[in-house]
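# Architecture at a glance
Spelled out from the first residue to the last, the chains are:
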Amino acid sequence: AFNPKVFWVIFGAALITLPFLAGSYVVSVMCFIALFGGLAVGMGLLLEQAGIFSLAHPTWFGLGAYVSAILAVRGLTPPWLGMIVGACFVGLVSYLIGAPLLRLRGYYLACATFGLLLIAEISLAQLGSITGGHEGLMGIPPLSIGGFVFKKDVHYYYLSWALCLACLWFMHNFMNSRMGRAIRAFSDSEIAAKSMGIHVPRYKLKVFILTAVMASLIGSVYTFHLRFMQPSIFGFSLLVQLVTMIIIGGGKTLYGPLLGAFVVMWLKEVIHMYLRGILPRMSAEVDAIFFGVIIILILIFMPGGLSGWMDRLFIWRRNALDRTGE
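Summarised in this report is the structure supplied together with it. (Residues numbered from 1 in each chain as written. Predicted model: local features only at pLDDT ≥ 70, side-chain atom pairs only at ≥ 80, totals over all residues. Heavy atoms only, no water.)

## Description of the overall build of the chain
Threshold: Put simply, DSSP H or I for four residues or longer makes a helix, DSSP E for two residues or longer makes a strand, and each gets a number counted from the N terminus. Just to be clear, the radius of gyration here is over C-alpha atoms, and the globule rule we use is 2.2 Å times residues to the power 0.38. Accessibility here uses a 1.4 Å probe with only protein chains present; expressed as a share of the type maximum, an area under 20% marks a residue as buried, one over 50% as exposed, and anything in between as partly exposed. Residue contacts follow a heavy-atom distance rule, with two residues in contact if any of their heavy atoms lie within 4.5 Å. Each accessible area is a Shrake-Rupley result for a 1.4 Å probe, and residues are judged covered by the shown protein chains and nothing else. Positive residues here are Lys and Arg, negative ones are Asp and Glu, while His and the chain termini are left out of the count. By convention, the charge on Lys lies at NZ, on Arg at CZ, on Asp at CG and on Glu at CD.
Along the chain, the regular secondary structure elements total 14 helices and 2 strands. Computed over its C-alpha atoms, the radius of gyration of the chain comes to 20 Å, within 12% of the 20 Å expected for a compact globule of 326 residues. C-alpha extents for the chain along the principal axes are approximately 70 × 50 × 45 Å. When each of the 326 residues of the chain is scored for burial, the buried share is 48%. When contacts within the chain are restricted to residue pairs at least 6 apart in sequence, long-range pairs at least 24 apart make up 77% of them. When the accessible area of the chain is evaluated, it comes to approximately 16,400 Å², of which 69% is carbon and sulfur surface. The averaged location of the 12 negative side-chain charges in the chain is 9 Å from the averaged location of its 22 positive side-chain charges.

So this is what it looks like as structure tokens:
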């Protein structure tokens, strides 16, 4: 029988040993899988499990990255403290914006949060004296914690996966807590949840802020890894990637978006490798076209994503074993 604990122990051991067995290219790709996978986990929880149709997740990713990077570049705070300041700033902004916006539902909320994404991207591009504008913010120092400087890809690989798995573990415990059960309740029916005494707006705002702060921390690690930040990095193309990860992996489970991130990132590398001769300039817009086609195919042939397909496979196998035992 499938044992989740054994699986995660094996998975963790594989992640620890991978840098010793694979080259720097694989380590670099796996680092980005951890970062974007952790980002997709938070957005998938909002969309699929909390029923909050928010498209602002790349905004929190970008704001956290910019705040921590600007503070580090100007020497106002150490990089690790800049990450905390960025997370606090994003938490405050998500509270001030989320309180009125979360009164909207469905497509109205999606349109409002997508507008927020566009406003943030354009505003940061126009504030060239602070953010570097369209050219980007350069000269970002490497992340350092307690005297240890993260310089190599393998350092950020372990840090990124530690952050990703910590977010996954936290969200697992969170969704199995009293608050998580309340979130599942109003996701199914807000009217029924309110009749049971659940304060729906309060819980919506809490999970909205929590996932925003997670996205901010991931964005900070991302920008210290690249040592460069540009408004287009957290724009529409990132939103399409995250939605693709959630749809491919399946957002009904917490691990589904992470599985989707693994598939999307490696698929992206394969596309770039084999189409480089045909399309010399593989821009983010070209990636968005391929991801859009994949989204359509997955929605038609595999609406539950890979995690939903795997769950059905495990259920079928268990039923088959039960029948054999009988």
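Further notes follow.
## Notes on the pattern of salt bridges
Let me state the cut-off plainly: In what follows, salt bridge is the name for a side-chain nitrogen of Lys or Arg lying within 4 Å of a carboxyl oxygen of Asp or Glu.
Tallied over the full model, the rule gives 1 salt bridge. Here Lys252 ties to Glu48 by a salt bridge, and the two come within 3.7 Å at their closest N and O atoms. Linking Lys252 in the loop between α11 (236-249) and α12 (256-275) with Glu48 in helix α2 (residues 24-49), this pair joins segments that are 204 residues apart in sequence. In this structure Lys252 comes out as exposed when scored by relative accessible area, which is 61%. Classification of Glu48 as partly exposed rests on a relative accessible area of 31%.

## Quick look at the environment of Ile246
Structurally, the position occupied by Ile246 is in helix α11. In the structure, Ile246 is positioned 13 residues away from Leu259 in sequence and 8.7 Å away in space, judged by C-alpha atoms. With residues up to four places along the chain from it excluded, the contact list for Ile246 reads Ala40, Met43, Gly44, Leu47, Glu48, Gly251 and Pro257.

## A short note on the nonpolar core
Rules: Working definition of a nonpolar core: buried Ala, Val, Leu, Ile, Met, Phe, Trp, Tyr and Cys residues. They are joined through side-chain atoms within 4.5 Å.
Counting 93 residues, the largest nonpolar core has Phe36, Trp60, Trp161 and Phe234 as its most contacted members. When residues in this core are grouped by element, the largest group, 16 residues, is from α2. When residues no more than four places from it in sequence are discounted, the contact partners of Trp60 are Val90, Val93, Ser94, Ile97, Leu116, Phe208, Ala212, Ala215 and Ser216.

## Section: the environment of Gly139
Structurally, Gly139 is set in the loop between α6 (128-131) and β1 (144-145). Each residue touching Gly139, except ones within four places of it in the same chain, is listed here: Val73 and Arg227.

## Topic: the packing of aromatic side chains
Threshold: Working definition: rings of Phe, Tyr and Trp (its six-membered ring) pair if their centres are within 6.5 Å, and the pair is stacked with planes under 30 degrees apart, edge-to-face with planes over 60 apart, and tilted otherwise.
Applying the stated rule across the entire model yields 16 aromatic pairs. Ring plane angle 90 degrees and centroid distance 5.9 Å describe the contact between Trp60 and Phe208, whose orientation is recorded as edge-to-face. Of this pair, Trp60 sits in helix α3 (residues 57-73) while Phe208 is found in helix α10 (residues 200-226), placing the two residues 148 residues apart along the sequence. Overall, the relative accessible area of 2% leaves Trp60 in the buried class. When the centroid spacing of 6.2 Å and the interplanar angle of 75 degrees are considered together, the rings of Tyr66 and Phe234 count as edge-to-face. Of the two residues, Tyr66 sits in helix α3 while Phe234 sits in the loop between α10 and α11, which places them 168 residues apart along the sequence. Judged by relative accessible area, Tyr66 falls into the buried class, the value being 1%.

## Quick look at the environment of Ala87
Note that Ala87 resides in helix α4 (residues 79-101). Separated by 129 residues in the primary sequence, Ala87 and Ser216 place their C-alpha atoms 5.3 Å from one another. In this structure, Ala87 is in contact with Val213, Ser216 and Leu217, ignoring residues within four places of it in sequence.

## A short note on unusual backbone geometry
For Arg227, which is not a glycine, the phi torsion comes out positive at approximately 60 degrees. Relative to the assigned elements, Arg227 resides in the loop between α10 and α11. For Arg227, a relative accessible area of 42% translates into the label partly exposed.

## Structural notes on a nonpolar patch on the surface
Test applied: Patch definition: residues above 30% relative accessible area lacking any salt bridge, with like charges linked at up to 9 Å and the nonpolar side chains Val, Leu, Ile, Met, Phe, Trp and Tyr linked at up to 5 Å.
A contiguous nonpolar patch, built from Ile289, Val293, Ile296, Leu297, Ile300 and Phe301 and spanning about 640 Å² of accessible area, is present on the exposed surface. Accessibility expressed as a relative area gives 66% for Phe301, which makes it exposed.

## Brief notes about the side chain of Ser160
Counting through the fold element by element, Ser160 comes out in helix α7 (residues 153-175). The buried category is assigned to Ser160, whose relative accessible area is 1%.

## Quick notes on α10
Operational definition: One less than the number of residues in a helix, times 1.5 Å, gives the span that helix is expected to have.
Counted at 1.5 Å a residue, the expected span for α10 with its 27 residues is 39 Å, and the 39 Å between its end C-alpha atoms agrees. With respect to burial, α10 is a largely interior element, 19 of its 27 residues being buried.

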